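# Structural overview for review
Take a look at the letters that make up each chain.
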Amino acid sequence: MSTGTAEVSAAPKAGLNKGRVLGWLQEYGVYAAIVVLLAINTALKPSFLSVENFRVQTFQAVPVLVVALGMALVIATEGIDLSVGAVIAVASAVIPLYLGYGSIASILVALVAGALSGLLAGGMVAFARVQPIVATLALMIGLRGLAVMANGATAKSISDPVLLGLGLNSWLGVPQMLVIALVIVVIVMFVVRRTTFGRQLMAVGDNRAASALSGLPVRRVLVTVYVASGVLAALAGVFLVGHGGYADPANYGLNYELSAITAVVVGGTPLSGGRIRVLGTVAGAVFMQLITATLIQNNIKNSYEQMVEAVIIVGAVYAARGRSGR
Amino acid sequence: MSSTPRRRSARLVVITGAAVATVLVAGGCAKSASNQASDSPSGDTKAAGQQRVADAGSKGPTCTAKQYGAPKVDLKKVTVGFSQSESTSNPFRATETKSITDEAKRLGIKLIQRNANANVPQQNTDIQDMIAQGAKVLIVAPENSDGLAPAFAKAKAKHIPILTIDRTVQGTACSDFIGFIGSDFAGQARIAADDLGKALKGKGDVVVLQGTSGNNVATDRTQGFNKEIAAKYPGIKIVASQTANFDQATGQKVMEQILQSHPDVKGLYAENDTMALGAIQAIRSAGKVPGKDIKIVSIDGIEDAVKDVVSGVIVADVETNPRFGPLAFQALSDFYSGKGTHTTTIIADHHFTAANAKEALSNGDVY
Amino acid sequence: MAQRQPADPAQLVLDVRSVSKSFPGVRALRGVDFGVRPGEVHALVGENGAGKSTLIKVVTGVYQVDEGEVRLDGRPVAFGSPLEAQDAGISTIYQEINLIPLMSVARNLFLNREPSRFGVIDSARMKREAYEILRGYGVDVNPSRPLRSLGLGAQQMVAIARAVQIDARVVIMDEPTSSLETREVETLFRVIRRLRDQGIAIVYVSHRLDELYEICDRVTIMRDGETVHVDEMARVDRLQLIALMLGRDLTDVRQHGATAFAADHDVAGEPVVRAHELHRAHQLDKVSVDLRPGEVVGLGGLLGSGRSETARAIAGALPLDGGSVAVGGVPLRRHSTAAAIRAGVVMLPEDRKSDGIIPNLSVRENIVLAALPRISRAGLVDKGKQDEIVEFFFERLRIKASSPAQKVGELSGGNQQKVMLARWLCLNPKALLLDEPTRGIDVGAKAEVQSLIDELAKEGLAVMLISSDLEELIEGSDRIVVLKEGRMVAELTGDAVSQGALMTALAEGDPSPTAGDGAQA
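Calculation notes
- Residues numbered from 1 in each chain as written.
- Chains lettered and ligands numbered in written order.
- Predicted model: local features only at pLDDT ≥ 70, side-chain atom pairs only at ≥ 80, totals over all residues.
- Heavy atoms only, no water.
- Helix = DSSP H or I, 4+ residues; strand = E, 2+ residues; numbered from the N terminus.
- Areas by Shrake-Rupley, 256 points an atom, 1.4 Å probe, with all protein chains shown as cover.
- Axes fitted to C-alpha atoms, helices over the stretch in contact; angles between N-to-C directions.
- Parallel < 35°, antiparallel > 145°, perpendicular 65-115°, else oblique.
- Contact = heavy atoms within 4.5 Å.
- Nonpolar A, V, L, I, M, F, W, Y, C, P; charged D, E, K, R; others polar.
- Buried < 20%, exposed > 50% of the residue type's maximum accessible area, 1.4 Å probe, protein only.
- Pairing = 2+ DSSP bridges.
- Salt bridge = Lys/Arg side-chain N within 4 Å of Asp/Glu carboxyl O.
- Phe/Tyr/Trp six-rings, centres within 6.5 Å; stacked < 30°, edge-to-face > 60°.
- Lys NZ or Arg CZ within 6 Å of the ring centre and 35° of its normal.
- Polar contact = N/O pair within 3.5 Å; in protein donor to acceptor, adjacent residues only side chain to side chain.
- Core = buried A, V, L, I, M, F, W, Y, C linked by side-chain atoms within 4.5 Å.
- Buried area = accessible area lost by both parts, 1.4 Å probe.
- Patch = residues over 30% accessible without salt bridge, like charges linked within 9 Å, V, L, I, M, F, W, Y side chains within 5 Å.
- Expected span 1.5 Å × (residues − 1).

### Concerning the overall build of chain B
In terms of regular secondary structure, chain B is built from 12 helices and 13 strands. Per element, the accessible surface of chain B, about 14,300 Å² overall, is 52% carbon and sulfur.

Below, the structure is given as structure tokens:
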């Protein structure tokens, strides 16, 4: 009946060159941009390459990176998780409440809270078939309120040595939070590339209908990625509490969902699902941090930062679209 | 696919939701911490538990009930409504509300109050509710300079006068509202500039952490500081001026960056205390000693910051006085007596320095 | 090629002349002629891909013609959009009703031409008029109700009423009865007859033969983008109609040669799959099918007869209102694809692109996708087993790819289909359900797939075959179950598995007790 079955193969059109350029940009653009930014900053101020500066940038970039890794998993299933900022707030609300049981206990409780919120998001998406953006938007609003309610809107200062250590100290010269983040990067890469689950994750993100017809545990995959995203966001909350030395549910994690999505997209993971770039995501987070550093260190107005970020996002999405041709 | 998993899913969702809520709210052993304060305005000098609040200067023409077109009432016989803009978990707001409440009680005036929790539409509703409840006079701490027009228009139509405190609103004094009582934000900044100028002996690079862009408080505090420095301290150079949104974490982040590009800065001016607290954390983790390597001045006068004044970490802190009770009710009484109240009243702000901070803390003068 | 009824162009309200329309890779319409007279109900029929939809879209301004012209009342027209066509008097009623569900019935009826006074909608008058108009269509509802609160039949009436209200002279109805209850169909037909008597031309697209014979005056049959026959409805008997749609000459029913199937298979033993009274509203009506080892069971039927639905139901991919599926005598406890796959029942879906391949994954990953649980240990894929499977099927199915690491999306249709088959075969299934296994693949691959099906059956696999290629169906199947409107109407076995018998069954099979004249042949 529908003669429009015309299997329009995504035929490479005239703009093959353009496609190739965009493809290169999507694949390697972010690494090139990092090199360029490093070069500019070093030229302006050689001390940009100092250990001290590296530490500062690390402390600021790692929480975003950790959230972005979870976000990348969710995006690979063609989803989105807007609740991560609120989960950070929840984590920061929970930590002071449970510090009495010890620092490790309070961190674990924060991570469990993140997992529960991910379970809720994943449950809504996988079983109730709520659109990811709607489900996680609801959580974003609800959890922030809950976090403030649980802890009061006032910030609470934290002097627990373990938490502060995570936020500020180093192991053998490497910031603790960076060590943990790198371990997570390795784990995510391993899961995505080597495990059965990783294979299922890509399949579900690429073609959910076909995956379901092939008997894949589609729902379990979806719930798992949202739980992972929740746990990682909570971990970012732990880092932020440790670095700031206080817990502030009303303000912690604001706009983190946007920073994380930006890092993922800039890193070359398409929003259309089915693919993930773990190292790209790391590079995306690093790149965004370098942008911030470049602007602030050169005393350029913050409002420009937002504009620059907007341009970068549009550019990254354009490169991705132009390439996949979808 | 059949209906069973669906139902199970719904249950799963509900159970999980309940679990999240339980974990968070049921709480555990609390280990409480200190706090943070406001980006807000307002203040007094000879502040005190006893509510001695000074008028630090009044400007503009006076306004009386007759000029305003409000029916003459006896304050002691009517209901006064107070609309608070933000949650009292913020110490500034808590102190402000308490000041109004205490003064009303002292004067034997019947007061009803609402809190809009930083939500402009909610504040519109609050104001209209209080009018419906029979309030004949209103004191409003506006959340925003515009956005409250509907509620103000309603009050005006019913000839109910409104006195605004701590933030200004759009409109004409003695017509849309009686007048404004609050801090002189530019004045606060000038005091802070002088403190910093003296601490640095008129020489050195300084950093400014600005409040939220576009906020009139931030604008006044930036301009007041810049002008004063330019006029009196030619040896002081502002090498970086960045917004940190009146937020502690952002203050820390921005300061961390600035310290990388300007390791030699000698002074910091933070437009509120929370940003200063964040910046202090950044200065410490950069291996510098706040108060020694970098002199800090700030505004608001919250407890944590004043403690830092005592310990020498902060050179001086200009208060934003939230104790509006006495001035507000004095203004209303003048308004009705025919004497008239000025359309702009500046509340006197405390000025915490090494000399008086300890005493102020022990006297409970700090909110 | 076909006999044409010469029609006086002057009396045609809609006159499509030698229209051609191509899409990249497909010539959808090749010089199609189509004429509709005022005051007639004109059936437009054809199988999948015949070009009906494209023709309708050309007439209603969704597509522009490449060659030829469309005339309305003798004047050439070229509509830029469906709205322009509607303004000119051509309205389309789709099966998904294109009104605004949340607006009131009255607003929908008068959308964009509301009665107004001084620029303000006169809603009282609008409601009054809407009520009167709809009563004329047998719809007695409060016009203030939102449209979506009405039944589908009533909604369709609102759509038709709206079309007539805007002075339509040609109303195109695309499968208008597909979601209607019997009673609603009767009302619809009453309305159609009334419109016809008012001189409105109705183009009626449907696969339900009974309806065509009941309501239509003339018929245009399309096949492969061409008009193959135009006639009075009553002068075309059912068998002839089907033969024309399917492109088979009744006197030339070939036996063998066109396909790669060998002779019949030895069918042995108890059924491995028993599907019992599968039921789903509007789609399946108590369909029961048994599949035995070594047997290829064909599902016959026209478009919309429930063939794919039957396969999907057995494979656990279609939620059921009733019925059961048992594999090896054991009923499946959960109705899900995973459960069916575990039990050994797998399905090659009809739409390879949207339901089959995972385009960005490699050939290797696509092949072992469903087998992941079996080749994983501790959550890790056993590379050795994986490569073994992939290598074996690469060879057996002669998959042409640069390497197993190539993305499936980059392969040709035929090779994608082989990858899909490999995905299922590597599970060692008991029953294989094939929905259009050779559609859209080249001739060589087609023959390969066909002989593979043969081989698999010989090896003892139970196969269910759905194909709109009649030769493939007849030569490939040992037995054919014929479906019509979601019901079984005939079962052909042995020598009865022939084109003649199949077409007779398609034409005569009488699924609905209310249907009238089923004895045309």
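### Here's the deal with the packing of helix α8 (residues 196–206) of chain A against helix α10 (residues 218–244) of chain A
Residues and elements named next belong to chain A. Contact pair α8 / α10: the axes reach a minimum separation of 10 Å and the direction vectors enclose 100°. It follows from the interaxial angle that α8 and α10 lie roughly perpendicular. Judged by residue contacts, F197, Q200, L201 and V204 of α8 engage V218, V221, L222, T224 and V225 from α10. Split into classes, the residues belonging to the contact of α8 with α10 amount to seven nonpolar, two polar and no charged.

### Let's talk about the pairing of strand β6 (residues 90–93) of chain C
All names here are of chain C. Every second residue of β6 is oriented toward a common face, with I90 and T92 on one face and S91 and I93 on the other, all of them buried. Relative to strand β9 (residues 170–174), β6 runs parallel, the two sharing four bridges. What sits directly across from I93, in β9, is M173.

### Let's talk about the pattern of salt bridges
Between side chains of opposite charge, a pair can form as their charged atoms come close. Residues and elements named next belong to chain B. Within this structure, the stated rule accounts for 41 salt bridges over all chains. For R93, the salt bridge is made with E96, and the minimal N-O distance between the two is 3.0 Å. Note that R93 and E96 are positioned in helix α3 (residues 91–107) at a spacing of three residues, about one turn of the helix. Both residues of the pair, R93 and E96, count as buried. Look at the salt bridges and you will find they share partners, linking E86, R93, E96, E143, D166 and R167 into a network.

### Focus on the packing of aromatic side chains
One pass over the structure, following the stated rule, counts eight aromatic pairs over all chains. For the ring pair Y68 of chain B and F335 of chain B, a centre distance of 5.7 Å and an interplane angle of 80° mean the geometry is edge-to-face. With Y68 of chain B in helix α2 (residues 65–68) and F335 of chain B in helix α11 (residues 325–337), this residue pair connects regions lying 267 residues apart in the sequence. A relative accessible area of 11% places Y68 of chain B in the buried class. Taking the relative accessible area as the measure of exposure, F335 of chain B reaches 0% and is therefore buried. Of the aromatic side chains, those joined through ring pairs into one cluster are Y68, F335 and Y336 of chain B. Above the ring of Y137 of chain C, the side-chain terminus of R194 of chain C is found at 4.9 Å from the ring centroid.

### What to know about the side chain of R218 of chain C
For R218 of chain C, the location among the structural elements is in strand β11 (residues 218–223). Only 2.8 Å separates the side chain of R218 of chain C from the side chain of E40 of chain C, close enough to count as a polar contact.

### Some details on the sheet that holds strand β13 (residues 273–280) of chain C
Residue and element names in this part refer to chain C. Spatially, the four strands line up as an open sheet ordered β14-β13-β16-β17, and their pairing is antiparallel. Each edge of the open sheet carries a strand with a single partner, namely β14 (284–291) and β17 (330–331). Across five bridges, the pairing between β13 and β14 is antiparallel. Pairing of A275 across the sheet is with V289, part of β14.

### A look at the sheet that holds strand β9 (residues 267–270) of chain B
Picture the strands of a sheet paired through backbone hydrogen bonds; they go either parallel or antiparallel. All names here are of chain B. Here we have six strands laid out as an open sheet, ordered β8-β7-β9-β10-β11-β13, and mixed in their pairing. At either margin of the open sheet sits one strand with a lone partner, and together these are β8 (236–243) and β13 (351–353). Strand-to-strand twist in this sheet, taken as the mean axis angle between neighbours without regard to direction, amounts to 15°. With four bridges joining them, strand β7 (residues 204–210) and β9 adopt parallel strand pairing.

### Considering the nonpolar core
Within the largest apolar cluster, 151 residues are counted, with the highest numbers of intra-cluster contacts made by F287 of chain A together with I367, L421, W424, L425 and L432 of chain C. No other element matches the 15 residues that α10 of chain A contributes to this core. In this structure, L134, L195, I200 and V482 of chain C belong to the second largest nonpolar core, which totals 69 residues.

### Details of the interface of chain C and chain A
Every contact between the two is made by 47 residues of chain C and, on the other side, 28 residues of chain A. Summing both sides of the interface, chain C and chain A together bury roughly 2,800 Å²; the carbon and sulfur share of this comes to 57%. In this structure, the connection of chain C to chain A is made through one salt bridge. Across the pair R199 of chain A and E365 of chain C runs a salt bridge, and its minimum N-O distance is 3.6 Å. On the surface where chain C and chain A come into contact, there are nine residue pairs in polar contact (both at pLDDT 80 or more). Of all the secondary structure elements, the ones that give two or more residues to the side of chain C that touches chain A are β2 (26–36), α1 (52–59), α10 (337–343), α11 (352–356), β20 (380–381), α14 (383–396) and α15 (413–425) of chain C. For the side of chain C that touches chain A, the leading source of residues is α11 of chain C, giving five residues. Partitioning the side of chain C that touches chain A into residue classes produces 22 nonpolar, 13 polar and 12 charged.

### A closer look at the pairing of strand β3 (residues 110–115) of chain B
Sheet topology note: the strand β2 (residues 79–84) of chain B/β3 of chain B ladder contains six bridges and is parallel. By the bridge assignment for β3 of chain B, T79 of chain B is matched with K110 of chain B.

### As for the environment of S214 of chain A
Here S214 of chain A lies in the loop between α9 (208–213) and α10. Not counting chain neighbours up to four residues away, the residues in contact with S214 of chain A comprise I341, L369, A370, R423 and W424 of chain C. Within the structure, the side chain of S214 of chain A is placed 2.8 Å from the side chain of R423 of chain C, a separation counted as a polar contact.

### Quick notes on a nonpolar patch on the surface
Residue and element names in this part refer to chain A. Together, V21, W24, L25, Y28, Y31 and L279 make up an exposed nonpolar region whose accessible area comes to about 600 Å². Along the chain, Y28 falls in helix α1 (residues 16–44). By relative accessible area, which is 45% here, Y28 ends up partly exposed.

### A word on α11 of chain B
Turn by turn, an α-helix covers 3.6 residues, leaving residues three or four places apart pointing in a common direction. Residues and elements named next belong to chain B. Between its first and last C-alpha, α11 extends 18 Å over 13 residues, near the 18 Å set by a 1.5 Å rise per residue. Burial within α11 is extensive, with 10 of its 13 residues counted as buried. Residues of α11 that are buried: G325, P326, L327, A328, F329, A331, L332, D334, F335 and Y336. Immediately downstream of α11, the backbone of G338 shows phi near 95°, a positive value.

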